[in-house]
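Architecture at a glance
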Amino acid sequence: MICLRREKVGEIKLAIAKVLAKILRVSVNVQQFKSLLRTVRFNYHALYSNFFEKLISPNVRKEFVEDMSDMVSFGQSISLIFEQVIKKVLSE
Amino acid sequence: MVAFLSLDMYLNIFNNISFSFSFQTREMAYWITLMTFSIIHQENEIMTAFAELGHHMNFYKALTNIYKKERLPLEDVLKILNCLLNLASNNDYFYLFEDRFNGNILDLPSVLKSLDKDTCAKTIRYMNIVCENFIYLILKVLFEWDLETNVKLYYLKVIKRALQYSYYNAFSCSQVRNKIKYIVFNL
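Calculation notes
Residues numbered from 1 in each chain as written. Chains lettered and ligands numbered in written order. Predicted model: local features only at pLDDT ≥ 70, side-chain atom pairs only at ≥ 80, totals over all residues. Helix = DSSP H or I, 4+ residues; strand = E, 2+ residues; numbered from the N terminus. Rg over C-alpha atoms; globule rule 2.2 N^0.38 Å. Buried ≥ 20, exposed ≤ 12 C-beta atoms within 10 Å, placed from the backbone. Contact = placed C-beta atoms within 7 Å. Axes fitted to C-alpha atoms, helices over the stretch in contact; angles between N-to-C directions. Parallel < 35°, antiparallel > 145°, perpendicular 65-115°, else oblique. Left-handed = near helix turned anticlockwise from the far one by under 90°. Nonpolar A, V, L, I, M, F, W, Y, C, P; charged D, E, K, R; others polar. Expected span 1.5 Å × (residues − 1). Core = buried A, V, L, I, M, F, W, Y, C linked by C-beta atoms within 7 Å.

Moving on: the overall build of chain A. Of the regular secondary structure elements, chain A holds seven helices and zero strands. For chain A, the succession of helices and strands along the chain, N to C, is α-α-α-α-α-α-α. In terms of overall size, chain A behaves like a compact globule, its C-alpha atoms giving a radius of gyration of 13 Å where 92 residues would be expected to give roughly 12 Å. The dimensions of chain A, computed from C-alpha atoms along their principal axes, are 40 × 25 × 20 Å. The buried share among the 92 residues of chain A stands at 35%. In chain A, once contacts between residues fewer than 6 apart in sequence are set aside, the share between residues at least 24 apart is 73%.

Structure follows, in C-alpha cells:
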C-alpha cells in the first residue's frame with residue numbers, strides 16, 4: 001500500500017492493487033487488515049513512524065514521504081484500494 | 001568447489017566476503033547475486049539459514065550500495081532481478097519463461113507485449129514460489145531503486161500471474177515473518 005501511494009503512474013498503481021488483491025483473497029487476518037487500513041491514513045509516516053522506518057530503507061524515506069503526501073496520488077490510491085482490492089476480496 | 005563447503009563456511013562467505021563493502025564495483029553486484037544463487041541452490045537448509053539469519057537484508061543493502069555508487073545500467077538491474085526471481089521460484093521462472101526468449105528477455109517492450117499475447121507466456125502461471133523472501137527483495141528493488149516504468153510493470157505482471165493461478169503462491173507471499181517484513185504489510 002505504501003508503494004501504491006508512492007507510485008504516480010496509473011498503470012503501475014493498478015498492477016500493485018491487483019497483486020495485493022491476489023494475496024489477500026487467500027489469506028487475510030485481522031492484523032493484516034488493520035495494517036492495511038493503517039496505511040490509508042494520510043500522514044501514515046508520522047503516525048506510525050516505527051512501522052514506516054522498518055519497511056523503508058533510510059536512504060529513500062524522504063522521497064517516499066514526499067510522494068506519499070501528494071494529494072492526487074493519495075486519492076487515486078484510496079479509490080483503488082477500496083474498489084479494486086477490498087471490494088474484490090470481500091466479494092470472493 | 002562450492003558443493004563441498006559446509007553450511008558454516010557458506011555463512012562465513014556471506015559475512016566476510018560478499019557483504020564486505022570494500023569492493024563495490026558494477027560487476028560485483030551481478031556476481032554477488034550469482035554467487036548467492038549458486039550457493040543457496042546447493043541445499044535447502046542453506047536457503048532456510050539465509051532467511052532465518054536475516055541475510056536477505058544484508059544482501060539487499062550490499063546491492064543498494066553498489067547501485068547507488070555505480071548507478072547500475074538497466075541491463076545489470078534486469079539481470080539481478082531475473083536472478084532474484086529465479087531464486088524465489090527455484091529456477092521455474094528460467095525454464096518456464098526466460099529460457100524461451102533466448103537472451104531477449106532484456107528487451108522489455110517486446111517481452112511485455114508477448115507477456116500479454118504470447119501463449120508461452122501463459123506458462124508463468126505454473127511458476128512455484130518457494131522462497132517468498134526473494135519476492136520481498138524484488139519488491140524492494142522495484143520501488144526503492146529509481147527504475148523505469150516498464151521494469152516495474154513487467155515484474156509486477158509476472159508476480160501477479162504467479163499469484164493468480166496458485167493459491168499456494170499467494171498464501172506463501174501473504175505470510176509475514178517476524179524477522180522479514182513484507183512491504184505490503186506491517187505487523
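And the narrative resumes.
Next up on the list: the overall build of chain B. Within chain B, the regular secondary structure consists of ten helices and zero strands. Starting at the N terminus and walking to the C terminus, you meet the elements of chain B as α-α-α-α-α-α-α-α-α-α. Each of the 187 residues in chain B was classed as buried or not, and the buried ones make up 36%. Restricting the contact set of chain B to residue pairs at least 6 apart, pairs at least 24 apart contribute 78%.

Time to look at the packing of helix α2 (residues 10–24) of chain A against helix α9 (residues 149–164) of chain B. Contact pair α2 of chain A / α9 of chain B: the axes reach a minimum separation of 9 Å and the direction vectors enclose 20°. By the angle between their directions, the pair α2 of chain A and α9 of chain B is classed as roughly parallel. Of the two possible hands of crossing, α2 of chain A and α9 of chain B adopt the one that is left-handed. Contacts between α2 of chain A and α9 of chain B involve Glu 11, Ile 12, Ala 15, Ile 16, Lys 18, Val 19, Lys 22 and Ile 23 of chain A from the former and Thr 149, Lys 152, Leu 153, Leu 156, Lys 157, Ile 159, Lys 160, Leu 163 and Gln 164 of chain B from the latter. Across the contact of α2 of chain A with α9 of chain B, the residue classes break down as nine nonpolar, two polar and six charged.

A few words now on the interface of chain A and chain B. Across the contact, 26 residues belong to chain A and 23 residues belong to chain B. Elements that contribute at least two residues to the side of chain A that touches chain B include exactly α1 (2–6), α2, α3 (30–38) and α5 (49–55) of chain A. A breakdown of the residues in the side of chain A that touches chain B according to their chemical character gives 15 nonpolar, five polar and six charged.

This part covers helix α8 (residues 132–144) of chain B. Because an α-helix completes one turn every 3.6 residues, residues spaced three or four positions apart along the sequence face the same direction. In this model, α8 of chain B (13 residues) spans 18 Å end to end at C-alpha, consistent with the 18 Å of a helix rising 1.5 Å per residue. In terms of residue burial, α8 of chain B counts as a mostly covered element, since 13 of its 13 residues are buried.

Before going further, it helps to examine the environment of Lys 69 of chain B. Residue and element names in this part refer to chain B. Note on placement: Lys 69 falls in helix α4 (residues 55–70). Since 13 C-beta atoms lie within 10 Å of it, Lys 69 is described here as partly exposed. Once the C-alpha coordinates of Lys 69 and Lys 113 are considered, the two residues, 44 residues apart in sequence, prove to be 33 Å apart.

Quick look at the nonpolar core now. If you look at the biggest cluster of nonpolar residues, it comprises 61 residues, and the most contacted ones within it are Ile 16 of chain A together with Leu 81, Leu 84, Ile 135 and Ile 138 of chain B. Here Ile 135 of chain B is in contact with Ala 88, Ile 129, Ile 159 and Cys 173 of chain B, once residues within four sequence places are set aside.

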